[in-house]
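Next come the chains, spelled out residue by residue.
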Amino acid sequence: MPSLVHETVLMRYLVLCCDYDGTLATEGKVFPETIAALERLIASGRRLILVTGRELDQLHSVCPCLNLFEYVVAENGALLYHPATGAETPLGERPPESFVAALRARNVGPISVGRVIVATWEPHETAVLETIKQQGLELQVIFNKGAVMILPAGVNKASGLSAALGRMGLSPDNAVGIGDAENDHALLALCACGVAVANAVPSLKEEADIVTQGARGAGVVELIDALIADDLRSLTRGAGAG
């Protein structure tokens, strides 16, 4: 009697690292069909990390599925949050109060101050850069669709994601990253497979290994379905999916 051979397909991509605004969410809202796809991904044995420029308090108020993510990299890489325990780990030092006071004195506003990040909006980037120079601070400015984010030097989505992956015992070689904006370049560059949703800025699409046909949450669902179907084996790397 011939023997029966059971083929086991090993998963390379064990974790999906997802941006929030403009990727997972549309106008700040995550649709039910996108949440259902996230749940399917977890049921397939894979894991989730949220990687966002948003502050944690904002996420709690807008994201109904935060508990699906094993880790949340918030504040554009400056804060690591573990939803299961509520533990927060700052991954940098907040700029001094004198820096924020100097910005306010220059009529920069609105200003948002997180655990580490300080953020405002264009066209205040010139005042921000001048204040950094005047105070001799080792800070960097990262742009995101009109937002001006001030962070410690070397802190970005990639550095924050590296910290999360390390705690999970995973490598970037096991990661798929998906995003839409300027601040997602670091995210996609770190992951073994970088994906841009259809509504992404052109420069991110050029960098991505895959471009989804769907925009925002629909693109995330499309990617999840492909991950579950065959671990992305059917998608041509580097040529895009749409």
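Residues numbered from 1 in each chain as written. Predicted model: local features only at pLDDT ≥ 70, side-chain atom pairs only at ≥ 80, totals over all residues. Heavy atoms only, no water.

**Q** Provide a residue-level description of the overall build of the chain, including the pertinent values.
**A** What the chain contains, in helices and strands, is eight helices and twelve strands. On C-alpha atoms alone, the chain measures out to a radius of gyration of 19 Å, which is about the 18 Å that the 2.2 N^0.38 rule sets for 242 residues. For the C-alpha atoms alone, the extent of the chain along its principal axes is close to 85 × 35 × 30 Å. Restricting to contacts in the chain with at least 6 residues of sequence separation, those with at least 24 account for 55%. Put simply, the chain shows about 10,900 Å² of open surface, and 53% of that area lies on carbon and sulfur atoms. If the 18 positive side-chain charges of the chain are averaged to one point and the 28 negative ones to another, these points end up 2 Å apart. (Helix = DSSP H or I, 4+ residues; strand = E, 2+ residues; numbered from the N terminus. Rg over C-alpha atoms; globule rule 2.2 N^0.38 Å. Contact = heavy atoms within 4.5 Å. Areas by Shrake-Rupley, 256 points an atom, 1.4 Å probe, with all protein chains shown as cover. Lys, Arg positive; Asp, Glu negative; His and termini not counted. Charge placed at Lys NZ, Arg CZ, Asp CG, Glu CD.)

**Q** Any details on the side chain of Asn174? Residues and values, ideally.
**A** Tracing the chain through its elements places Asn174 in the loop between α5 (157-168) and β10 (175-179). Setting aside chain neighbours within four positions, we find Asn174 in contact with Arg12, Tyr13, Leu14 and Val15.

**Q** Give me the pairing of strand β7 (residues 118-121): which residues, what numbers.
**A** In terms of strand pairing, strand β6 (residues 112-113) meets β7 through two bridges, oriented antiparallel. Among the inter-strand pairings, Val113 is bridged to a residue of β7, identified as Val118. The loop that links β6 with its antiparallel partner β7 comprises four residues. Relative to strand β9 (residues 147-152), β7 runs antiparallel, the two being bridged by four bridges. Following the sheet pairing, Thr120 is matched in β9 by Val148. (Pairing = 2+ DSSP bridges.)

**Q** Quick one: what's the story with helix α3 (residues 97-105), residue by residue and with numbers?
**A** By the burial criterion, the buried members of α3 are Phe99, Val100, Ala102 and Leu103. Seen from one end, α3 has its buried residues packed into an arc of 160 degrees, which puts them on one side. Residues Glu97 and Ala105 are exposed on α3 and point more than 90 degrees away from its buried face. Contact partners of the buried residues in α3: β6, β7, α4 (125-135), β8 (139-144) and β9. In the stretch just after α3, Asn107 is the one whose phi turns positive, near 60 degrees. (Buried < 20%, exposed > 50% of the residue type's maximum accessible area, 1.4 Å probe, protein only. Arc of directions from axis to C-beta.)

**Q** I'd love a proper account of unusual backbone geometry, names of residues and values included.
**A** Of note, the amide linkage connecting Gly109 to Pro110 takes the cis form, showing an omega dihedral of 0 degrees. When you line up the elements, Pro110 lands in the loop between α3 and β6. With an omega of 10 degrees, the peptide bond running from Glu122 to Pro123 counts as cis. For Asn107, which is not glycine, the phi dihedral falls at a positive 60 degrees. In this fold, Asn107 is placed in the loop between α3 and β6.

**Q** Before we move on, could you go through the nonpolar core and cite the residues and values that matter?
**A** By size, the foremost hydrophobic cluster in this structure holds 59 residues, and its most contacted members are Cys17, Leu24, Ile49, Val176 and Leu232. Counting residues per element, this core draws most heavily on helix α8 (residues 216-230), which supplies six residues. (Core = buried A, V, L, I, M, F, W, Y, C linked by side-chain atoms within 4.5 Å.)

**Q** Just give me the short version of the sheet that holds β8, but keep the residues and values in it.
**A** Here we have four strands laid out as an open sheet, ordered β6-β7-β9-β8, and antiparallel in their pairing. Either end of the sheet is taken by a strand with one partner, and the two such strands are β6 and β8. The pairing of β8 with β9 spans six bridges and is classified as antiparallel. Following the sheet pairing, Asn144 is matched in β9 by Ala147. Helix-sheet contacts for α4 involve β7, β8 and β9, and the interaxial angle to β8 is about 170 degrees. (Axes fitted to C-alpha atoms, helices over the stretch in contact; angles between N-to-C directions.)

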